[in-house]
Amino acid sequence: MGPIDVDKLSDSDIDAILELIEDLVGNPALLNRDRIFLAALAKAIDDRATDLANATLDEQNPAIKELIKEFGDRKDDLKNAHDRLVATTAALNQFAQGVTAFGKLIGVLTAPKK
Amino acid sequence: MVAWLRIGVAVSVAAVVGACAHLPSDAKVKQFASAVDKAAAVYIQSISFNRDISEKTGEENAAGVYIARGGAADDAECIALAKRTAQILVGMSAQSASKACKYSLPPESTKQISDENRKLRLSLMNAIGGYAKALGEAADKGAIDNVEAAVMTLGAATSTAVTPLLAGAAIPVLSPATKIVARSVGLAVGNAYAVEIRQVMAQAEEPLKKAVILLKASVVEIRKNNERKFRDWRIQKKANLGIIAAKPDSDDLSRSTTSEAYVAFRVAVSEARDLQTKAVALDGYENVLDSMLKAHAELLEPDADASDALAKFTKVTDDFAALAPTLQKK
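It should be emphasised that the depicted structure is a prediction, and the values quoted were computed from it without experimental measurement.

Chemist: Describe the overall build of chain A, with residues and values.
Modeler: What chain A contains, in helices and strands, is 2 helices and 0 strands. For a compact globule of 114 residues, the expected C-alpha radius of gyration is about 13 Å, and chain A comes in at 37 Å, more than 25% above that figure. Each principal axis of the C-alpha distribution contributes one length, and for chain A these read about 120 × 30 × 20 Å. Of the side chains in chain A, 14 bear a positive and 20 a negative charge, and the two mean positions are spaced by 22 Å.

Written as structure tokens, this is what we have:
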């Protein structure tokens, strides 16, 4: 096997190599040191492949941060609208109570005197 | 005069009702919010699996080093192994490759999706979930009923309050007219609210589309990494099973009995089945994201009965949610 530059491997190459190692490592004819060697190789390839995955995901992060803020803003918009509606309802009820009290007062003041 | 007043009020009410914007059905919005919650839970657990499998793979690797070498760290064989690995993998120094024949307690996990990448995607799912939950609360029909009732109460109170000030002839006309005006004002307030909520939902459409595109791309990367890590775990496990079952003459460190090897194999089978379920948990998750987008768009449709997309979204998330207990199991 020649040298492997994981950074230059395609996804399918990485999977093909790991598949090959998986086939080999189960061979009962291997010595333990060969098993450990293959396991170490697989771990190293997995680590490098994960570095590549992280690099790909890193590229999306600025856009994701913006979207998190965007949904936070929309959530606040909904909450504010709902809070305003509830506050309006409370104010109307309070005002109605005031008007009722005022009506009673007017009723008393305008009642024909005996 | 009174007849004209009645007609005028009736026309005003008709105009308001005619231009009425409806809130999306609160039951449907709540169904949507609940499905988003379930979808987020599966996504979050699948990302967490990446960390779990990395730890388990690191543990298997350390166990292999231990049982094969008895914990020896730097003998000639180990150095040779490190050199061999470094020769094969470009960019890997012999020093870092020499980690392959050492173990630590607790064992080092294999590399995993970074904390930042994991947390940002979890935050995005949570932000969408938070928006959906707020939408569920905002679409609560009770709040609009309450404001309409409050306006009616105020109208009735006003009518009662001014009655003593008016001439007797006006009383039978004013009372129903006040009711109609109050109702129309209540409807107008509710209508303005519904328009505002629908505007917010419309504003969320584009971000939701972008989020679905990004989350789908992330799912592809995370699923691929989870599946690779599961393969790496299998490799470490097979290496260890091979070491356990090795015949005494193949290597001087083998010392397990056949029954011990059998037990180790049975345990490995059980672990593998469990991990496999988790590793492929995100298979088809793109459908969940697509259907979330369609369901949200459907909530904005004027046809209040439309619920095909929402029904599909609920079904696919329920299917995925059924995996949740398995995913939570360590």
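Okay, back to it.
Chemist: Report on the pattern of salt bridges, specifying residues and quantitative values.
Modeler: Residue and element names in this part refer to chain B. Scanning all chains against the criterion turns up 25 salt bridges over all chains. Between R223 and D283 there is a salt bridge; the shortest N-O distance is 3.8 Å. With R223 in helix α7 (residues 171-245) and D283 in the loop between α8 (258-279) and α9 (285-299), the pair connects residues that are 60 residues apart, well separated along the chain. Residue R223 is classed as buried on the basis of its relative accessible area, which comes to 15%. Among the residues examined, D283 registers a relative accessible area of 40% and is labelled partly exposed.

Chemist: I'd like to hear about the environment of S109 of chain B, residue by residue, with values.
Modeler: Residues and elements named next belong to chain B. Inspection of the secondary structure puts S109 in the loop between α4 (94-97) and α5 (115-138). Accessibility expressed as a relative area gives 23% for S109, which makes it partly exposed. Placed 80 residues apart in sequence, S109 and V189 show a C-alpha to C-alpha distance of 59 Å. Ignoring sequence-local partners within four residues, the contact set of S109 consists of S54, E55 and G58. In terms of polar contacts, S109 uses its side chain to reach the side chain of Q112, at 3.1 Å.

Chemist: Give a detailed account of the environment of G186 of chain B, specifying residues and quantitative values.
Modeler: Residue and element names in this part refer to chain B. Along the polypeptide, G186 turns up in helix α7. Assessed through its relative accessible area of 1%, G186 is described here as buried. Distance in space between the C-alpha atoms of G186 and A149 is 7.5 Å, their sequence separation being 37 residues. Residues in contact with G186, not counting those within four places in the same chain, are E148 and V151.

Chemist: Give a detailed account of the packing of helix α1 (residues 11-25) of chain A against helix α2 (residues 32-110) of chain A, specifying residues and quantitative values.
Modeler: All names here are of chain A. Between α1 and α2, the shortest axis-to-axis distance is 10 Å and the interhelical angle comes to 160 degrees. The angle between the axes of α1 and α2 places the two elements in the roughly antiparallel class. Crossing handedness for the pair α1 and α2: left-handed. Facing α1, whose interface residues are I14, I17, L18, I21, L24 and V25, α2 presents R35, L38, L41, A42, I45, A49 and L52.

Chemist: With reference to specific residues and values, describe the interface of chain B and chain A.
Modeler: Listed by partner, the interface residues are 80 residues for chain B and 70 residues for chain A. Together chain B and chain A conceal approximately 6800 Å² of surface at their shared face, both sides included; 68% is due to carbon and sulfur atoms. Three residues, I88, R228 and I235 of chain B, lead the burial of chain B against chain A; their summed loss comes to 10% of the area buried on that side. The tally of links between chain B and chain A comes to 10 salt bridges. Here E22 of chain A and R231 of chain B are joined by a salt bridge, their closest N and O atoms 2.6 Å apart.

Chemist: Before we move on, could you go through the packing of aromatic side chains and cite the residues and values that matter?
Modeler: Centre-to-centre distance and the angle between the planes together describe a pair of aromatic rings. If you walk through the whole model with that rule in mind, you get 6 aromatic pairs over all chains. Here F71 of chain A and Y131 of chain B contribute two aromatic rings whose centre-to-centre distance is 6.0 Å and whose plane-to-plane angle is 55 degrees, an arrangement assigned as tilted. Residue F71 of chain A is found in helix α2, and its partner Y131 of chain B is found in helix α5; the two belong to separate chains. With respect to class, F71 of chain A is no different from Y131 of chain B; both count as buried. Ring plane angle 50 degrees and centroid distance 5.7 Å describe the contact between F32 of chain B and F313 of chain B, whose orientation is recorded as tilted. Taken together, the residues span a long stretch of sequence, with F32 of chain B in helix α2 (residues 26-69) and F313 of chain B in helix α10 (residues 308-321) at a distance of 281 residues. Judged by its relative accessible area of 1%, F32 of chain B is buried. Note on F313 of chain B: relative accessible area 0%, which makes it buried. Three or more aromatic residues joined by ring pairs make a cluster, and in this case those are Y43, Y285 and F320 of chain B. Cation over ring: R234 of chain B sits above F230 of chain B, and NZ or CZ is 4.7 Å from the ring centre.

Chemist: Just give me the short version of the packing of α2 of chain A against α5 of chain B, but keep the residues and values in it.
Modeler: α5 of chain B packs onto α2 of chain A with a crossing angle of 20 degrees between their chain directions and a minimal axis gap of 8 Å. Looking at the two axes, α2 of chain A sits roughly parallel to α5 of chain B. The interaxial crossing formed by α2 of chain A with α5 of chain B has left-handed handedness. Its residues assigned to classes, the contact of α2 of chain A with α5 of chain B shows 14 nonpolar, 7 polar and 7 charged.

Chemist: Which residues make up the nonpolar core, and what values do they have?
Modeler: Grouped together as the largest cluster of nonpolar side chains are 67 residues, with contacts concentrated most on F71 of chain A together with F32, Y43, I128, I197, Y285 and M292 of chain B. Of all elements in the fold, only α2 of chain A together with α2, α5, α6 (141-162), α7, α9 and α10 of chain B reach the threshold of two or more residues within this core. With 13 residues, α7 of chain B is the largest single contributor of residues to this core. Once residues within four sequence positions are removed from consideration, M292 of chain B is found in contact with F32, V36, I128, L208, V212 and F313 of chain B. I4, I14 and I17 of chain A together with I235 of chain B belong to the second-largest nonpolar core, a separate cluster that totals 24 residues.

Definitions and cut-offs
Residues numbered from 1 in each chain as written. Chains lettered and ligands numbered in written order. Predicted model: local features only at pLDDT ≥ 70, side-chain atom pairs only at ≥ 80, totals over all residues. Heavy atoms only, no water. Helix = DSSP H or I, 4+ residues; strand = E, 2+ residues; numbered from the N terminus. Rg over C-alpha atoms; globule rule 2.2 N^0.38 Å. Lys, Arg positive; Asp, Glu negative; His and termini not counted. Charge placed at Lys NZ, Arg CZ, Asp CG, Glu CD. Salt bridge = Lys/Arg side-chain N within 4 Å of Asp/Glu carboxyl O. Buried < 20%, exposed > 50% of the residue type's maximum accessible area, 1.4 Å probe, protein only. Contact = heavy atoms within 4.5 Å. Polar contact = N/O pair within 3.5 Å; in protein donor to acceptor, adjacent residues only side chain to side chain. Axes fitted to C-alpha atoms, helices over the stretch in contact; angles between N-to-C directions. Parallel < 35°, antiparallel > 145°, perpendicular 65-115°, else oblique. Left-handed = near helix turned anticlockwise from the far one by under 90°. Buried area = accessible area lost by both parts, 1.4 Å probe. Phe/Tyr/Trp six-rings, centres within 6.5 Å; stacked < 30°, edge-to-face > 60°. Lys NZ or Arg CZ within 6 Å of the ring centre and 35° of its normal. Nonpolar A, V, L, I, M, F, W, Y, C, P; charged D, E, K, R; others polar. Core = buried A, V, L, I, M, F, W, Y, C linked by side-chain atoms within 4.5 Å.

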